[in-house]
Amino acid sequence: MKPNSFIQNLKPYIPIAHKVWEISKKEEILKLDWNESSMPPSPKVLTALQQAILNDNLHWYPNTHNAELLALLSNYANVPSECIEIFASSDCSHEFILQVFGSVGDKVCIIAPTYDNFRSRADGIGLQSVFFHTDEKGNIDFNLLDNFLANTQPKIVYICNPNNPTGTLHDILNLELLITKYGDMLFIIDEAYYEFCGKSVAYLLPTMQNLIITRTFSKAFGLASFRIGYCLSSAQNIAALNLLRNAKNITHLSQVAAIAALKDKEYMESYVKEVVLAREFFINALDSMREFKLYPSNANFVFIQHRDINGLKMFLEKRNIFIRDYSHIVDKHCRISIGTREQMQCVVREIKRFYR
């Protein structure tokens, strides 16, 4: 049986290699290739999970409308609970948004280079991806983007902010101008790395019907393996998404973990502060070596240009340090996630050995 024509012609999203899962001593690995937290989540998460495994009805389907989780998210994001919905990862929310608001043949404007899984999902259901490219520093020329939108007339616009993989934080006020001007276009603002910059367009939600913000627990909260995220939008858009969304697909333990993480926001904030300090240390250390071009970052990773990305990647892998080769998207570039200062000091030491 052949897949549909969209899938037959699809350029797939390329995930990272599986080498990291083949190493038996996971405690010896420094996994800096997929922007997860480099530290475990709050200890309160483990305690809550242990209690849930022992005491909860694990033979039931999960809670399909977790009022406690929605209330915590409402307080955290400063958005009414009816304007929030939970998904089995922000990736999953992207899929539902595209299916609910897009139709075959609709154009989807993607600010590139960016998270390529979104492009794959759009193309896979028959939408037409069109790309607006940032400048060589990763910045958007908003006058050019304005003209691009006016000329191409996409149905949906996808902007990751801060952007992945460049780490660029796009100007919030300029985003507001575009969202306001193009009220017939749906703007998806992917704020997966929001915690590392503190900048959001969520303040626009009370007045903008054409805005959906997606976020995740995978980064700052350290819950990547639980696959849980959420989106923020108008109550009408949330209701539309729920016409298609299967509410029982967010596992019970994922919900338990998210609730516990939100109840220990101080732990997350402490980790974020450490990452920001480690990021600045790492950027300064590599700058001083004069072998790299580094992009300014507002996320938990740094995008790097280097003449021998593959050589550096293989050298670090032999020392159980895993980074993300991005040469398939941008030639001679890699992305390195940022952990603690101690972890990044280790990375710098190994990179210096690469040049000996």
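Remember, predicted model here, so these are calculated numbers, not experimental data.

A. Broad picture of the side chain of aspartate 116. Tracing the backbone through its elements, the reader meets aspartate 116 in helix H6 (residues 116-124). Discounting chain neighbours no more than four positions away, the residues touching aspartate 116 are Pro12, Tyr13 and Ile329.

B. Structural view of the layout of surface pockets. Of the pockets and cavities examined, the largest pocket occupies roughly 1,000 Å³. Residue lining of the largest pocket: 40 residues in total, with Lys31, Trp34, Glu36, Ala224 and Ser225 positioned closest to the centre. Counting residues per element, the ones that place at least two in the lining of the largest pocket are helix H2 (19-22), strand S1 (30-31) and helix H5 (90-101). Per-element tally for the lining of the largest pocket: the top contributor is H5, with 3 residues. Reported here for the second largest pocket is a volume of approximately 260 Å³. Lining the second largest pocket are 13 residues; nearest its centre among them are Lys11, Ala112, Asp116, Phe131 and Ile329. Counting only elements with at least two residues in the lining of the second largest pocket, the list comes to strand S3 (107-112), H6 and strand S4 (128-133). Ranked by residues supplied to the lining of the second largest pocket, first place goes to H6 with 3 residues. Partitioning the lining of the second largest pocket into residue classes produces 6 nonpolar, 3 polar and 4 charged.

C. The arrangement of a nonpolar patch on the surface in detail. Where nonpolar side chains cluster on the molecular surface, the patch consists of Phe6, Ile7 and Val104 and spans about 250 Å² of accessible area. Of note, phenylalanine 6 is situated in helix H1 (residues 5-8).

D. Region of interest: the pattern of salt bridges. In the structure shown here, the tally under the stated rule is 18 salt bridges. Among the ionic pairs, arginine 119 bridges to aspartate 116, the shortest N-O distance being 2.6 Å. Taken together, the residues span about one helical turn, with arginine 119 and aspartate 116 both in helix H6 at a distance of 3 residues. Like aspartate 116, arginine 119 is buried. We note a salt bridge from glutamate 350 to arginine 353, for which the minimum N-O separation is 2.6 Å. Separated by 3 residues within a single helix, glutamate 350 and arginine 353 lie in helix H13 (residues 341-354), roughly one turn from each other. Judged by relative accessible area, arginine 353 falls into the partly exposed class, the value being 35%. Through salt bridges with shared partners, a single ionic network connects Lys19, Lys313 and Glu317.

Rules used in this analysis
- Residues numbered from 1 in each chain as written.
- Predicted model: local features only at pLDDT ≥ 70, side-chain atom pairs only at ≥ 80, totals over all residues.
- Heavy atoms only, no water.
- Helix = DSSP H or I, 4+ residues; strand = E, 2+ residues; numbered from the N terminus.
- Contact = heavy atoms within 4.5 Å.
- 1 Å grid on protein atoms, 1.4 Å probe; cavity = no way out; pocket = protein on both sides within 12 Å on 5 of 7 lines; lining within 4 Å.
- Points joined across faces, edges and corners; volume = space filled by probe spheres on them.
- Nonpolar A, V, L, I, M, F, W, Y, C, P; charged D, E, K, R; others polar.
- Patch = residues over 30% accessible without salt bridge, like charges linked within 9 Å, V, L, I, M, F, W, Y side chains within 5 Å.
- Areas by Shrake-Rupley, 256 points an atom, 1.4 Å probe, with all protein chains shown as cover.
- Salt bridge = Lys/Arg side-chain N within 4 Å of Asp/Glu carboxyl O.
- Buried < 20%, exposed > 50% of the residue type's maximum accessible area, 1.4 Å probe, protein only.

These figures capture arrangement, not role.
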